[in-house]
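What follows is each chain in one-letter form.
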Amino acid sequence: DSKIEKLENLKSKKINCFSLELLPRITRAQSMDILSSQANLAGYKAVVEAFQVYERAIPMMMTAAGTIPAAKVLVVGAGVAGLQAIATAKRLGSQVEAFDVRPEVKEQVESLGAKFIEVDSNSDDGVGSGGYASETSEEYKAKQQELMKERVGKSDIVITTALIPNRPAPMLIPKSMVETMTPGSVIMDLASENGGNCELTQENEIVIHNGVLIDGNSNLPSTMAYHSSQLFSKNIEAIIDHCHSEEGFKLDKEDEIIDGMLFIENGEIRHQPTKESL
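Criteria and thresholds
Along each chain, residues carry numbers from 1 onward, in the same order as the chain's sequence is written. A pLDDT threshold of at least 70 governs which residues receive local features in this predicted model, and a stricter bar of 80 or more applies before side-chain atom pairs are shown or counted, although totals over entire chains, interfaces and linings include all residues. Only hydrogens and water are set aside when side-chain values are computed; all heavy atoms of the structure are taken into account. For two strands to pair, DSSP has to find at least two bridges joining them. In this text, helices come from DSSP runs of H or I with a minimum length of four residues, and strands from runs of E with a minimum of two, each type numbered from the N-terminal end. Each axis is a line fitted through C-alpha atoms, and for a helix only the stretch in contact is used; angles between axes span 0 to 180 degrees, taken between their N-to-C directions. Here the expected span of a helix is defined as 1.5 Å times the quantity of residues minus one. Working definition: with a 1.4 Å probe on protein chains only, accessible area under 20% of the residue-type maximum means buried, over 50% means exposed, and in between means partly exposed. Contacts are assigned to residue pairs that have any heavy atoms within 4.5 Å of one another.

1. With respect to the sheet that holds strand S10 (residues 212–215)
The strands making up a sheet associate through hydrogen bonds between their backbones, and the pairing can be parallel or antiparallel. Read across the sheet, seven strands follow the order S6-S5-S4-S7-S8-S10-S9 without closing on themselves; strand pairing throughout is mixed. Where the open sheet ends on each side, the last strands, each with one partner, are strand S6 (115–117) and strand S9 (206–209). On average, each strand axis in the sheet is tilted by 20° relative to the strand beside it, whichever way the strands run. For S9 and S10, the ladder comprises four bridges, and the chain directions are antiparallel. Counterpart to Val207 in the pairing with S10 is Ile214.

And the structure:
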(Lines give C-alpha, C1' and ligand atoms only; values in the text may rest on other atoms or scores of the structure.)
Protein backbone atom coordinates (compact mmCIF):
# COMPACT_ATOMS: atom_id res chain seq x y z
CA ASP A 1 0.00 0.00 0.00
CA SER A 2 1.50 3.34 -1.09
CA LYS A 3 0.18 5.20 2.01
CA ILE A 4 1.89 2.73 4.37
CA GLU A 5 5.08 2.96 2.31
CA LYS A 6 5.02 6.77 2.61
CA LEU A 7 4.53 6.53 6.37
CA GLU A 8 7.38 4.04 6.75
CA ASN A 9 9.59 6.31 4.64
CA LEU A 10 8.80 9.33 6.83
CA LYS A 11 9.41 7.32 10.02
CA SER A 12 12.76 6.03 8.74
CA LYS A 13 14.03 9.57 8.21
CA LYS A 14 13.43 10.40 11.92
CA ILE A 15 11.82 13.70 11.00
CA ASN A 16 9.10 15.84 12.53
CA CYS A 17 6.04 15.90 10.27
CA PHE A 18 2.93 18.08 10.45
CA SER A 19 -0.41 16.79 9.14
CA LEU A 20 -2.36 19.91 8.31
CA GLU A 21 -5.86 18.40 8.52
CA LEU A 22 -5.17 17.70 12.22
CA LEU A 23 -5.01 21.42 12.99
CA PRO A 24 -7.34 22.10 15.96
CA ARG A 25 -10.49 23.91 14.81
CA ILE A 26 -10.26 26.74 17.31
CA THR A 27 -10.66 30.50 16.89
CA ARG A 28 -6.91 31.13 17.16
CA ALA A 29 -6.22 28.77 14.25
CA GLN A 30 -8.85 30.01 11.79
CA SER A 31 -6.34 31.69 9.49
CA MET A 32 -4.43 28.38 9.25
CA ASP A 33 -7.45 26.10 8.74
CA ILE A 34 -6.90 24.44 5.37
CA LEU A 35 -9.95 22.18 5.70
CA SER A 36 -12.20 25.21 6.16
CA SER A 37 -10.75 27.31 3.34
CA GLN A 38 -11.09 24.46 0.84
CA ALA A 39 -14.49 23.30 2.14
CA ASN A 40 -15.79 26.84 1.70
CA LEU A 41 -14.93 26.71 -2.01
CA ALA A 42 -16.27 23.15 -2.36
CA GLY A 43 -19.64 24.13 -0.87
CA TYR A 44 -19.96 27.03 -3.29
CA LYS A 45 -18.90 25.04 -6.36
CA ALA A 46 -21.15 22.07 -5.49
CA VAL A 47 -24.21 24.31 -5.85
CA VAL A 48 -22.94 25.93 -9.06
CA GLU A 49 -22.21 22.50 -10.60
CA ALA A 50 -25.57 21.09 -9.50
CA PHE A 51 -27.47 24.04 -10.94
CA GLN A 52 -25.49 23.69 -14.17
CA VAL A 53 -26.68 20.12 -14.79
CA TYR A 54 -30.19 20.55 -13.33
CA GLU A 55 -32.37 20.98 -16.38
CA ARG A 56 -34.96 23.32 -14.88
CA ALA A 57 -35.12 26.89 -13.55
CA ILE A 58 -33.82 27.61 -10.05
CA PRO A 59 -35.65 30.72 -8.76
CA MET A 60 -39.40 31.17 -8.64
CA MET A 61 -40.56 33.05 -11.75
CA MET A 62 -44.02 34.63 -11.99
CA THR A 63 -44.69 35.19 -15.68
CA ALA A 64 -47.66 35.87 -17.93
CA ALA A 65 -47.36 32.28 -19.11
CA GLY A 66 -47.56 30.91 -15.58
CA THR A 67 -45.52 30.52 -12.41
CA ILE A 68 -42.35 28.44 -12.14
CA PRO A 69 -41.81 27.23 -8.55
CA ALA A 70 -38.38 27.64 -6.93
CA ALA A 71 -36.10 24.58 -6.96
CA LYS A 72 -35.95 22.74 -3.63
CA VAL A 73 -32.43 22.25 -2.29
CA LEU A 74 -31.54 20.03 0.68
CA VAL A 75 -28.10 20.48 2.27
CA VAL A 76 -27.01 17.60 4.53
CA GLY A 77 -24.34 18.68 7.00
CA ALA A 78 -24.08 22.32 8.02
CA GLY A 79 -20.34 22.63 8.51
CA VAL A 80 -18.23 25.09 6.51
CA ALA A 81 -19.06 23.49 3.12
CA GLY A 82 -22.73 23.08 4.00
CA LEU A 83 -23.18 26.67 5.17
CA GLN A 84 -21.54 28.02 2.02
CA ALA A 85 -23.77 25.73 -0.08
CA ILE A 86 -26.85 27.10 1.73
CA ALA A 87 -25.76 30.70 1.18
CA THR A 88 -25.03 30.09 -2.51
CA ALA A 89 -28.28 28.23 -3.16
CA LYS A 90 -30.29 31.00 -1.43
CA ARG A 91 -28.53 33.73 -3.43
CA LEU A 92 -29.56 31.97 -6.64
CA GLY A 93 -33.21 31.89 -5.58
CA SER A 94 -33.85 28.34 -4.47
CA GLN A 95 -35.85 27.12 -1.48
CA VAL A 96 -33.32 25.66 0.95
CA GLU A 97 -33.57 23.19 3.83
CA ALA A 98 -30.63 21.91 5.85
CA PHE A 99 -30.07 18.94 8.13
CA ASP A 100 -27.34 18.41 10.71
CA VAL A 101 -26.99 16.13 13.74
CA ARG A 102 -25.62 19.06 15.78
CA PRO A 103 -28.51 21.20 17.09
CA GLU A 104 -26.20 24.15 17.79
CA VAL A 105 -25.89 24.92 14.06
CA LYS A 106 -29.63 25.65 13.76
CA GLU A 107 -29.10 29.38 14.36
CA GLN A 108 -26.41 29.58 11.66
CA VAL A 109 -28.62 27.75 9.15
CA GLU A 110 -31.60 29.99 9.86
CA SER A 111 -29.48 33.15 9.69
CA LEU A 112 -28.79 32.25 6.03
CA GLY A 113 -32.51 31.99 5.29
CA ALA A 114 -32.79 28.20 5.22
CA LYS A 115 -35.15 25.96 7.16
CA PHE A 116 -33.41 23.72 9.71
CA ILE A 117 -34.61 20.10 9.73
CA GLU A 118 -33.93 18.32 13.00
CA VAL A 119 -34.49 14.90 14.50
CA ASP A 120 -36.37 14.91 17.82
CA SER A 121 -33.78 13.81 20.34
CA ASN A 122 -33.27 14.40 24.06
CA SER A 123 -29.58 13.50 24.03
CA ASP A 124 -26.34 14.87 22.59
CA ASP A 125 -26.46 12.30 19.77
CA GLY A 126 -24.09 13.32 16.99
CA VAL A 127 -22.44 16.16 18.91
CA GLY A 128 -18.68 15.65 18.68
CA SER A 129 -15.74 17.68 19.93
CA GLY A 130 -13.92 20.49 18.16
CA GLY A 131 -16.93 21.43 16.04
CA TYR A 132 -17.13 18.00 14.38
CA ALA A 133 -20.05 15.56 14.32
CA SER A 134 -19.76 12.14 15.94
CA GLU A 135 -21.35 8.70 15.49
CA THR A 136 -25.06 8.58 16.44
CA SER A 137 -27.11 5.91 18.23
CA GLU A 138 -29.18 3.29 16.37
CA GLU A 139 -32.41 4.90 17.62
CA TYR A 140 -31.29 8.27 16.28
CA LYS A 141 -30.29 6.71 12.93
CA ALA A 142 -33.75 5.15 12.53
CA LYS A 143 -35.45 8.52 13.14
CA GLN A 144 -32.93 10.20 10.85
CA GLN A 145 -33.69 7.77 8.01
CA GLU A 146 -37.44 8.45 8.24
CA LEU A 147 -36.86 12.20 8.12
CA MET A 148 -34.33 11.94 5.31
CA LYS A 149 -36.63 9.75 3.22
CA GLU A 150 -39.37 12.37 3.43
CA ARG A 151 -37.10 15.35 2.63
CA VAL A 152 -34.91 13.74 -0.06
CA GLY A 153 -37.94 12.58 -2.04
CA LYS A 154 -39.22 16.16 -2.22
CA SER A 155 -35.85 17.70 -3.16
CA ASP A 156 -34.64 18.67 -6.63
CA ILE A 157 -31.01 19.03 -5.55
CA VAL A 158 -29.26 17.41 -2.57
CA ILE A 159 -25.78 18.52 -1.42
CA THR A 160 -24.25 16.10 1.10
CA THR A 161 -21.26 17.09 3.24
CA ALA A 162 -21.54 14.81 6.31
CA LEU A 163 -18.20 13.52 7.62
CA ILE A 164 -17.00 11.99 10.89
CA PRO A 165 -13.25 12.27 11.71
CA ASN A 166 -11.29 9.01 11.30
CA ARG A 167 -14.41 7.11 10.18
CA PRO A 168 -16.08 6.31 6.85
CA ALA A 169 -18.68 8.88 5.83
CA PRO A 170 -22.14 8.01 7.22
CA MET A 171 -24.37 6.43 4.55
CA LEU A 172 -27.49 8.59 4.74
CA ILE A 173 -29.10 8.17 1.31
CA PRO A 174 -29.60 4.52 0.30
CA LYS A 175 -30.48 3.48 -3.25
CA SER A 176 -34.18 3.15 -2.30
CA MET A 177 -34.22 6.81 -1.24
CA VAL A 178 -32.65 7.95 -4.52
CA GLU A 179 -35.47 6.11 -6.30
CA THR A 180 -38.03 8.41 -4.62
CA MET A 181 -36.48 11.46 -6.32
CA THR A 182 -37.86 12.95 -9.53
CA PRO A 183 -35.83 12.11 -12.69
CA GLY A 184 -33.63 15.11 -13.49
CA SER A 185 -32.77 15.67 -9.82
CA VAL A 186 -29.12 15.98 -8.73
CA ILE A 187 -27.06 14.75 -5.76
CA MET A 188 -23.64 16.33 -5.16
CA ASP A 189 -21.80 14.08 -2.67
CA LEU A 190 -18.94 16.03 -1.09
CA ALA A 191 -18.17 13.07 1.19
CA SER A 192 -17.21 10.82 -1.74
CA GLU A 193 -13.54 10.61 -0.74
CA ASN A 194 -14.56 8.86 2.50
CA GLY A 195 -17.06 6.52 0.87
CA GLY A 196 -19.90 8.99 0.29
CA ASN A 197 -23.18 9.83 2.02
CA CYS A 198 -25.14 8.25 -0.84
CA GLU A 199 -25.02 4.48 -1.39
CA LEU A 200 -24.68 4.94 -5.18
CA THR A 201 -21.80 7.46 -5.07
CA GLN A 202 -18.62 6.52 -6.94
CA GLU A 203 -15.58 8.66 -6.13
CA ASN A 204 -14.72 11.01 -9.02
CA GLU A 205 -17.47 9.50 -11.17
CA ILE A 206 -20.90 10.65 -12.30
CA VAL A 207 -23.57 7.99 -11.80
CA ILE A 208 -27.08 8.27 -13.24
CA HIS A 209 -29.71 6.12 -11.57
CA ASN A 210 -33.39 6.31 -12.57
CA GLY A 211 -32.66 9.69 -14.13
CA VAL A 212 -31.04 11.07 -10.93
CA LEU A 213 -27.47 12.32 -11.39
CA ILE A 214 -25.05 11.56 -8.52
CA ASP A 215 -21.75 13.46 -8.75
CA GLY A 216 -18.86 12.06 -6.69
CA ASN A 217 -16.18 14.67 -7.48
CA SER A 218 -13.87 14.50 -4.45
CA ASN A 219 -11.82 17.60 -5.26
CA LEU A 220 -14.10 20.47 -6.27
CA PRO A 221 -11.62 23.14 -5.05
CA SER A 222 -9.22 22.03 -7.82
CA THR A 223 -11.77 23.21 -10.38
CA MET A 224 -11.08 26.72 -9.04
CA ALA A 225 -7.32 26.35 -8.92
CA TYR A 226 -6.47 30.06 -8.75
CA HIS A 227 -8.49 30.83 -5.64
CA SER A 228 -8.04 27.47 -3.92
CA SER A 229 -4.26 27.89 -4.28
CA GLN A 230 -4.45 31.49 -3.07
CA LEU A 231 -6.33 30.49 0.11
CA PHE A 232 -4.17 27.40 0.65
CA SER A 233 -0.96 29.43 0.45
CA LYS A 234 -2.35 31.97 2.94
CA ASN A 235 -3.09 29.09 5.34
CA ILE A 236 0.46 27.75 4.95
CA GLU A 237 1.94 31.22 5.46
CA ALA A 238 -0.05 31.61 8.69
CA ILE A 239 1.14 28.18 9.95
CA ILE A 240 4.80 28.96 9.21
CA ASP A 241 4.46 32.34 10.89
CA HIS A 242 2.86 30.74 13.95
CA CYS A 243 5.71 28.22 14.30
CA HIS A 244 8.38 30.95 14.36
CA SER A 245 9.50 33.16 17.20
CA GLU A 246 12.29 35.73 17.41
CA GLU A 247 14.70 32.83 17.90
CA GLY A 248 13.52 31.11 14.71
CA PHE A 249 11.52 27.90 14.21
CA LYS A 250 10.26 26.45 17.47
CA LEU A 251 8.53 23.07 17.88
CA ASP A 252 6.57 24.10 20.97
CA LYS A 253 4.37 21.19 22.03
CA GLU A 254 2.90 23.34 24.80
CA ASP A 255 1.07 25.17 22.00
CA GLU A 256 -2.14 23.23 21.17
CA ILE A 257 -1.96 24.18 17.49
CA ILE A 258 1.55 22.78 17.03
CA ASP A 259 0.82 19.81 19.30
CA GLY A 260 -2.34 19.00 17.32
CA MET A 261 -0.60 19.11 13.92
CA LEU A 262 2.51 17.19 14.96
CA PHE A 263 1.80 13.86 13.27
CA ILE A 264 5.28 12.29 13.44
CA GLU A 265 7.93 13.31 15.98
CA ASN A 266 11.49 12.07 15.47
CA GLY A 267 10.18 9.15 13.42
CA GLU A 268 7.44 8.18 15.91
CA ILE A 269 3.77 8.45 14.88
CA ARG A 270 1.82 10.46 17.47
CA HIS A 271 -1.63 10.30 15.84
CA GLN A 272 -3.53 7.59 17.74
CA PRO A 273 -6.00 6.52 14.97
CA THR A 274 -3.07 6.09 12.54
CA LYS A 275 -1.11 4.07 15.10
CA GLU A 276 -4.13 1.83 15.68
CA SER A 277 -4.76 1.30 11.94
CA LEU A 278 -1.11 0.28 11.43
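After that view, the rundown keeps rolling.
2. Remarks on helix H2 (residues 34–53)
When the terminal C-alpha atoms of H2 are compared, their 29 Å separation across 20 residues agrees well with the 28 Å that a helix rising 1.5 Å per residue should span. Turning to H2, its buried residues are Ile34, Ser36, Ser37, Gln38, Leu41, Ala42, Gly43, Lys45, Ala46, Val47, Ala50 and Phe51. Where H2 is buried, its residues contact strand S4 (72–76), helix H3 (80–91), strand S7 (157–160), strand S8 (186–189) and helix H7 (225–242).

3. Quick word on the sheet that holds strand S13 (residues 262–265)
Spatially, S1-S13-S14 is the arrangement adopted by the three strands of the open sheet, whose pairing is antiparallel. Here the strands that pair on one side only, and so sit at the sheet edges, are strand S1 (17–18) and strand S14 (268–269). As defined by bridge partners, S1 adjoins S13 across two bridges and the pair is classed as antiparallel. Counterpart to Cys17 in the pairing with S13 is Ile264. Packing of helix H1 (residues 2–12) onto the sheet brings it into contact with S1, S13 and S14, and relative to S13 it is tilted by some 55°.

4. Comments concerning the pairing of S8
Residues Val186 and Met188 line one face of S8 and the alternating positions Ile187 and Asp189 line the opposite face, and both faces are buried. In this structure, S7 lies alongside S8, joined through four bridges in parallel fashion. Across the sheet, Val158 pairs through a bridge with Ile187, a residue of S8. Bridge count for S8 against S10 is three bridges, and the pairing is parallel. Paired with Met188 across the strands is Asp215, a residue of S10.

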